[in-house]
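# A closer look at the structure
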Amino acid sequence: MDIGKAFSYVFDDERWVTKVLLGGLLFLIPIVGQIALSGYMIKVAKNVVRNHPQPLPEVFDNFGETIVQGLYAFVINLVYFIPYILLAIVFSCIPGILGAGGDSGEAIA
């Protein structure tokens, strides 16, 4: 396993500056940009695993496929976070149920 490759694979591509800047601009687009960026990161991971000579794919090449992969990643993350979301809802309701979160209305003199 080449640990250094985890930090240097970006620089193996000749056009890495352009691709990184386009990815940064894509990140600024609300919701769709983040989903597309997730799909792009999946493509990058696949290229690194396959030892592709240029691990960074073109940003807007097969953009529809990139968004679909990002949607899959979003749904998978959502399914994994359902237990945490449910726990957060339960724990946020406990103070209201027990009456510990409100003002009792009594004045301290």
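Notes on the structure follow. (Residues numbered from 1 in each chain as written. Predicted model: local features only at pLDDT ≥ 70, side-chain atom pairs only at ≥ 80, totals over all residues. Heavy atoms only, no water.)

Another point: the side chain of Thr66. Checked against the element boundaries, Thr66 lands in helix H4 (residues 63-98). On the basis of relative accessible area, Thr66 is assigned to the buried category, the value being 1%. Not counting the four nearest positions on each side in its chain, Thr66 is found in contact with Ile35, Ala36, Gly39, Tyr40, Lys43 and Asp61. (Helix = DSSP H or I, 4+ residues; strand = E, 2+ residues; numbered from the N terminus. Buried < 20%, exposed > 50% of the residue type's maximum accessible area, 1.4 Å probe, protein only. Contact = heavy atoms within 4.5 Å.)

Glancing now at the side chain of Lys43. The topology assignment puts Lys43 in helix H3 (residues 32-49). A distance of 2.8 Å separates the side chain of Lys43 from the side chain of Thr66, its partner in a polar contact. Setting aside residues up to four positions removed in sequence, Lys43 forms contacts with Pro57, Asp61, Asn62, Glu65, Thr66 and Gln69. (Polar contact = N/O pair within 3.5 Å; in protein donor to acceptor, adjacent residues only side chain to side chain.)

Moving on, we come to the pattern of salt bridges. Taken as a whole and assessed by the stated rule, the structure comprises 3 salt bridges. A salt bridge links Arg15 to Glu58, with the shortest nitrogen-to-oxygen separation between them at 2.8 Å. Of this pair, Arg15 sits in the loop between helix H1 (5-8) and helix H2 (16-27) while Glu58 sits in the loop between H3 and H4; the two residues are 43 residues apart in sequence, bridging distant segments of the chain. Classification of Arg15 as partly exposed rests on a relative accessible area of 41%. A residue is classified by how much of its surface remains accessible, and Glu58, at 33% relative accessible area, is partly exposed. (Salt bridge = Lys/Arg side-chain N within 4 Å of Asp/Glu carboxyl O.)

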